[in-house]
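# Residue-level structure breakdown
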Amino acid sequence: MATGRNVPISRSDDPEEWERAAYANVPLVTQWDDGRHTGTQPGSVPTSSASMPSVVVSMLRDLDVTDGMRVLEIGTGTGWNAGLLAHRLGGSNVVSVEIDATVAERARAALKRAGLSPEVIHGDGRAGWSAGAPYDRVIVTAGVRGIPSDWLEQTGPGGIILAPWGTHYTDQDALVRLSVREDGSASGPFLRMVEFMKLRDQRLDWSRFHDYVPEFPGEADVSRTRIALVDLGDRYETVRFVTGLCVPGCAHVVNRSDEETGKAWFFDLASRSWAAVEFRSGTPDAVVYQSGPRRLWDEVEQALAWWSDRGKPSLDRFGLTIASDGTFHPWFERPTQALPFG
């Protein structure tokens, strides 16, 4: 975890090390590149895993199941989480949906060997599994950028949807606990930052931005800002997540040279608008380039100022409301207080 590196471990070649890793409090990648990867070295994109035990346990605590409840899991993976739920509630009360046929079959076999029998479905988790509805709880084990209306429809009133949710502004996920209402909508607070592999259909394809900037800076408008690179936030920092809530429909990436030097890019998902900011160590002003009808950097500056003016509030003071059609509305402190952006 400290290095961020992946190392291969073979159960047949080194069973003791394999068992140690299986019980360690670290995430274990079990598939790369949607199964196209071969060999023992890491692939390009991790696409299935066993989550950190501490993350699994804390999410099950937040799910708060009781006897007789029915649970839908989105993303079976190794089957471990479904197995824990089946042990607690009985296999007939747990349905787990996995998009990858090979991953689903391996999970079924592992669960059977353990004497557990949740229903493992090979299918697209976005559609849930209507045949087993209604559910009292839905737990999502993949990062999502939208809550499908099918999940809302398949959860009974008063039920809970627990999901790692985020915007395309960053790859961050925040765990949100949504309570489903009688009218089919849902609302609830963000609990804490987590990190999950993204739902396959909701991954951001960065190649879509290749044609946004045919030449740099081209005819972009040029200005300056006193915002520093550090002000944009780092990997797990709340400010990045909140900026994504305040600047919807925007993708953002930073190419860093060091802590104070780098170029931040911002791309609008609905138009060809883009912005770039060049930060240099020892220089008080950063150079801003903006192109297109949407002034993305102006929106980012406004969001950063709003967050700072309110004392840099923590993540748990924000929440999310999902309409019955799946559209989302982030809020601050209470569901009736929508963010003044977007």
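Residues numbered from 1 in each chain as written. Predicted model: local features only at pLDDT ≥ 70, side-chain atom pairs only at ≥ 80, totals over all residues. Heavy atoms only, no water.

### Thoughts on the side chain of D33
Considering the arrangement of structural elements, one finds D33 in the loop between β1 (28-32) and β2 (46-50). Buried charge D33 goes without a salt bridge, the closest partner of opposite sign being R36 at 5.3 Å. Setting aside anything within four residues of it in sequence, one finds D33 in contact with G43, S44, V45 and T47. (Helix = DSSP H or I, 4+ residues; strand = E, 2+ residues; numbered from the N terminus. Buried < 20%, exposed > 50% of the residue type's maximum accessible area, 1.4 Å probe, protein only. Lys, Arg positive; Asp, Glu negative; His and termini not counted. Salt bridge = Lys/Arg side-chain N within 4 Å of Asp/Glu carboxyl O. Contact = heavy atoms within 4.5 Å.)

### Observations regarding the sheet that holds strand β14 (residues 286-291)
An order of β10-β14-β13-β12-β11 is seen for the 5 strands of this open sheet, with the pairing classed as antiparallel. With partners counted over all chains shown, the strands left at the sheet margins are β10 (221-225) and β11 (250-256), one partner each. On average, each strand axis in the sheet is tilted by 20° relative to the strand beside it, whichever way the strands run. Relative to β14, β10 runs antiparallel, the two sharing 5 bridges. Looking across to β14, one finds that R224 is bridged to V287. (Pairing = 2+ DSSP bridges. Axes fitted to C-alpha atoms, helices over the stretch in contact; angles between N-to-C directions.)

### Observations concerning the packing of helix α2 (residues 53-63) against helix α3 (residues 80-89)
Axis separation between α2 and α3 bottoms out at 11 Å; the angle between their running directions is 40°. Accordingly, the angle class assigned to the pair α2 and α3 is oblique. In this structure, α2 crosses over α3, and the sense of that crossing is right-handed. Along its contact with α2, which presents P53, V56, L60 and L63, the element α3 presents W80, N81, L84 and L85. (Parallel < 35°, antiparallel > 145°, perpendicular 65-115°, else oblique. Left-handed = near helix turned anticlockwise from the far one by under 90°.)

### Let's talk about the packing of aromatic side chains
Under the criterion given, the structure shown has 19 aromatic pairs. Measuring from centroid to centroid gives 4.7 Å for F209 and F267, while their planes differ by 15°, and the two rings are stacked. With a gap of 58 residues between them, F209 in the loop between β9 (186-194) and β10 and F267 in strand β12 (residues 262-268) connect regions that are remote in the sequence. Joined through ring pairs, the aromatic side chains of W206, F209, Y212, F216, W265, F267, W274 and Y289 make up one cluster. Sitting over the ring of W18, R11 keeps its end group 4.2 Å from the ring centre. (Phe/Tyr/Trp six-rings, centres within 6.5 Å; stacked < 30°, edge-to-face > 60°. Lys NZ or Arg CZ within 6 Å of the ring centre and 35° of its normal.)

### As for helix α7 (residues 296-309)
The first and last C-alpha atoms of α7 sit 20 Å apart over 14 residues, in line with the 20 Å expected at 1.5 Å per residue. Within the span of α7, buried status applies to L296, W297, V300, A303, L304, W306 and W307. (Expected span 1.5 Å × (residues − 1).)

### Things to note about a negative patch on the surface
On the surface, D234, E237, D258, E259 and E260 cluster together into a patch of negative charge. Relative accessible area serves as the criterion here: at 47%, E260 is assigned to the partly exposed category. (Patch = residues over 30% accessible without salt bridge, like charges linked within 9 Å, V, L, I, M, F, W, Y side chains within 5 Å. Areas by Shrake-Rupley, 256 points an atom, 1.4 Å probe, with all protein chains shown as cover. Charge placed at Lys NZ, Arg CZ, Asp CG, Glu CD.)

### Observations regarding a nonpolar patch on the surface
Residues V7, I9 and W18 make up a contiguous nonpolar surface patch of about 250 Å² in total accessible area. By relative accessible area, which is 33% here, I9 ends up partly exposed.

### Looking at α3
Each turn of an α-helix holds 3.6 residues, which means side chains three or four residues apart point in the same direction. Listed in full, the buried residues belonging to α3 are N81, A82, G83, L85, A86 and L89. Of the surrounding secondary structure, the elements contacted by the buried residues of α3 are α2, β3 (71-74), β4 (94-98), α4 (101-113) and β6 (135-140). Just downstream of α3, G90 is the residue with a positive phi angle, here 95°.

### Here's the deal with the nonpolar core
Counting residues in each nonpolar core, the largest one holds 56 residues, and the members touching the most others are F190, F266 and W297. The leading source of residues in this core is α7, at 7 residues. With near-sequence residues (within four places) excluded, F190 lies in contact with W165, A174, L175, V176, F241, L245, L315, D316, F318, G319 and L320. If you look at the next biggest cluster of nonpolar residues, it comprises 14 residues, including V65, I139, L162 and F196. (Core = buried A, V, L, I, M, F, W, Y, C linked by side-chain atoms within 4.5 Å.)

### Details of the sheet that holds strand β7 (residues 155-165)
Across the sheet, which stays open at both edges, the 9 strands sit in the order β5-β4-β3-β6-β7-β8-β9-β15-β16 with mixed pairing between neighbours. Only two strands of the sheet have a single neighbouring strand rather than two, namely β5 (119-122) and β16 (328-332). Each neighbouring strand pair of the sheet contributes to a mean axis angle of 20°, computed without reference to strand direction. Pairing geometry for β9 and strand β15 (residues 318-322), over 4 bridges, is antiparallel. Bridge assignment links A186 to a residue of β15, and that residue is I322. Along the sheet, α3 makes contact with β3, β4 and β6, crossing β4 at roughly 170°. In the packing of α4 onto the sheet, the strands contacted are β4 and β5, and the crossing angle to β5 comes to about 165°.

### Thoughts on the environment of S187
Its place among the elements puts S187 in strand β9. In the structure, S187 is positioned 10 residues away from R177 in sequence and 7.8 Å away in space, judged by C-alpha atoms. Filtering out sequence-adjacent residues up to four positions away, S187 remains in contact with R177, L178, S179, R181, L320, T321, W331 and P335. Here W331 takes part through its side chain, which lies 3.4 Å from a polar atom of the side chain of S187. (Polar contact = N/O pair within 3.5 Å; in protein donor to acceptor, adjacent residues only side chain to side chain.)

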